[in-house]
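A structural walkthrough
One-letter residues, chain by chain:
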Amino acid sequence: MDSFDELDLSPIMRRAVKDAGFTTPSPIQAALIPHALNGKDVIGQARTGTGKTAAFSIPILEQLDSLEDCRDPQAIVIVPTRELADQVAAEAERLARGVPTEIAVLSGGKNMNRQLRQLENGTQLVVGTPGRVHDHLQRGTLRTNNVWCVVLDEADRMLDIGFRPQIERIMRKCPRNRQTLLLSATLPPVVRRLAESYMHEPVVIDCCRDEMAVDTIEQRYFTIAQDDKVKLLESLLKREKPEQAIIFCRTKRGTDRLHRKLSHEYGGACGAIHGDLQQRERDRVLQKLRDGNLKFLVATDVVGRGIDISTISHIVNFDVPQDCDDYVHRVGRTGRMGRDGVAYTFVVPGEGDILTSIEQRINKLLIRDKMEGFESPAEKAAAVAAAAPEPEKELRRTLNPMTRKRPRRR
DNA sequence: AAAAAAC
């Protein structure tokens with residue numbers, strides 16, 4: 001499809017889409033929008049950074065009744081993090097330009113009174129995180145009788161064990177004959193099967209086929225000893241000179257630790273984000289990154305999904321991700337909308353299996369990278385042995401305490 | 001055993 005004009009959109013929406021800078025619909029947009037406009041339930045899988053947010057926002061905005069006709073929310077979009085809620089709302093806002101549209105973000109860590117006021121004054125579209133949306137449902141401040149569409153963005157995450165009970169309660173509170181849209185870059189078969197129990201004869205759209213990761217992202221790995229990771233990272237940043245980079249760690253503490261170490265060298269150009277920080281600080285750091293005032297962001301998986309910053313040139317998995325799908329999402333923070341990106345993964349001895357399963361998942365081999373001075377112990381030994389086999393043998397014997405202490409036998 | 005998500 002060459003143009004948004006081929007989609008059955010109102011003139012005012014066409015104008016808004018054009019003004020927002022969209023020209024040609026991406027595959028997921030071309031496939032999903034017609035079904036959504038027809039009121040169908042949809043399960044949609046499409047690679048990271050290919051425009052899923054606009055794909056569900058456009059048909060929703062197109063079909064919203066005006067605030068005069070309906071004061072209560074008509075559509076609810078649920079996402080896994082607070083920052084993603086802000087981002088999705090901002091994008092919907094951008095696409096709604098030209099038509100006054102009341103969009104409320106209902107997420108935690110934010111002023112409750114403001115949210116109550118917005119709901120009271122009339123809201124057409126709600127974007128929120130599970131806990132706070134559920135809270136508003138309990139309080140009776142979020143009325144669902146006029147909700148005709150529910151979207152689960154990052155649907156596989158929303159339906160995993162940590163979120164599922166809350167999601168199920170939210171869905172149960174919405175009208176049965178509503179439309180349900182599920183989207184993610186990763187939708188394993190088990191999640192698809194589970195999803196169908198919340199949906200009515202869903203259309204399945206698969207824009208990935210066998211290619212999970214975006215092909216404009218170069219994916220590399222280093223084998224490295226745990227203790228050498230920080231030094232390798234510093235050398236890598238010097239070699240690569242990223243425009244901007246996100247460096248993922250496994251834990252919140254590890255994120256703080258690495259941030260402190262990098263700050264010695266990079267100072268204010270380096271920031272950190274994780275779920276133990278105050279929401280104000282999280283927002284401040286992410287805004288700095290968006291404004292280009294931050295070169296490096298050390299982070300947990302709180303920014304592993306959805307966050308869209310086109311100037312992120314590099315991803316570093318300082319710690320390997322928890323599972324293959326998390327890998328796909330982290331790496332997808334670069335290479336947005338056809339741009340180039342590079343992703344590095346640090347693999348310590350014993351994590352070889354994880355690397356293999358990632359490669360199987362994305363159906364592609366990662367390129368092995370090397371940095372001078374960071375050879376593995378085995379490589380060092382091999383290199384030295386190749387250069388000078390005899391002296392090395394001698395050296396090892398004299399350095400070995402067992403050999404030294406024990407009297408030699410003939 | 002991790003991270004995220006309500007006060």
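Conventions adopted
Residues numbered from 1 in each chain as written. Chains lettered and ligands numbered in written order. Predicted model: local features only at pLDDT ≥ 70, side-chain atom pairs only at ≥ 80, totals over all residues. Heavy atoms only, no water. Phe/Tyr/Trp six-rings, centres within 6.5 Å; stacked < 30°, edge-to-face > 60°. Helix = DSSP H or I, 4+ residues; strand = E, 2+ residues; numbered from the N terminus. Buried < 20%, exposed > 50% of the residue type's maximum accessible area, 1.4 Å probe, protein only. Lys NZ or Arg CZ within 6 Å of the ring centre and 35° of its normal. Domains from an automatic or database assignment. Contact = heavy atoms within 4.5 Å. Buried area = accessible area lost by both parts, 1.4 Å probe. Salt bridge = Lys/Arg side-chain N within 4 Å of Asp/Glu carboxyl O. Polar contact = N/O pair within 3.5 Å; in protein donor to acceptor, adjacent residues only side chain to side chain.

1. Regarding the packing of aromatic side chains
Tallied over the entire structure, the rule returns five aromatic pairs. With a centroid separation of 6.0 Å and an interplanar angle of 85°, the aromatic rings of Phe4 and Phe22 are classed as edge-to-face. Residue Phe4 is located in the segment before α1 (11–19), and its partner Phe22 is located in the loop between α1 and α2 (27–37); the two are separated by 18 residues in the primary sequence. For the pair Phe4 and Phe22, a shared accessibility class is recorded, and that class is buried. What links up through ring pairs into an aromatic cluster is the set Phe222, Phe318, Tyr344 and Phe346. Here the guanidinium or amino end of Lys229 rests over the ring plane of Phe318, the centre of that ring lying 5.3 Å away.

2. With respect to the domain arrangement of chain A
Each domain of chain A was delimited in the assignment, giving domain 1 (4–206), domain 2 (217–368) and domain 3 (385–410). Taking the mean C-alpha position of each, domain 1 and domain 2 sit 28 Å from one another. The interface of domain 1 with domain 2 comprises 20 residues on the first partner and 20 residues on the second. Taken together, both faces of the contact between domain 1 and domain 2 bury some 1,600 Å²; the carbon and sulfur share is 48%. Area buried by domain 1 at its contact with domain 2 is led by Thr48, Glu83 and Gln87, which between them contribute 35% of it. Across the salt bridge formed by Lys110 and Asp283, the nearest N and O atoms sit 3.6 Å from each other. Viewed at the interface, domain 2 and domain 1 are joined by eleven residue pairs in polar contact (both at pLDDT 80 or more). With five residues, helix α4 (residues 82–95) is the single largest residue contributor to the side of domain 1 that touches domain 2.

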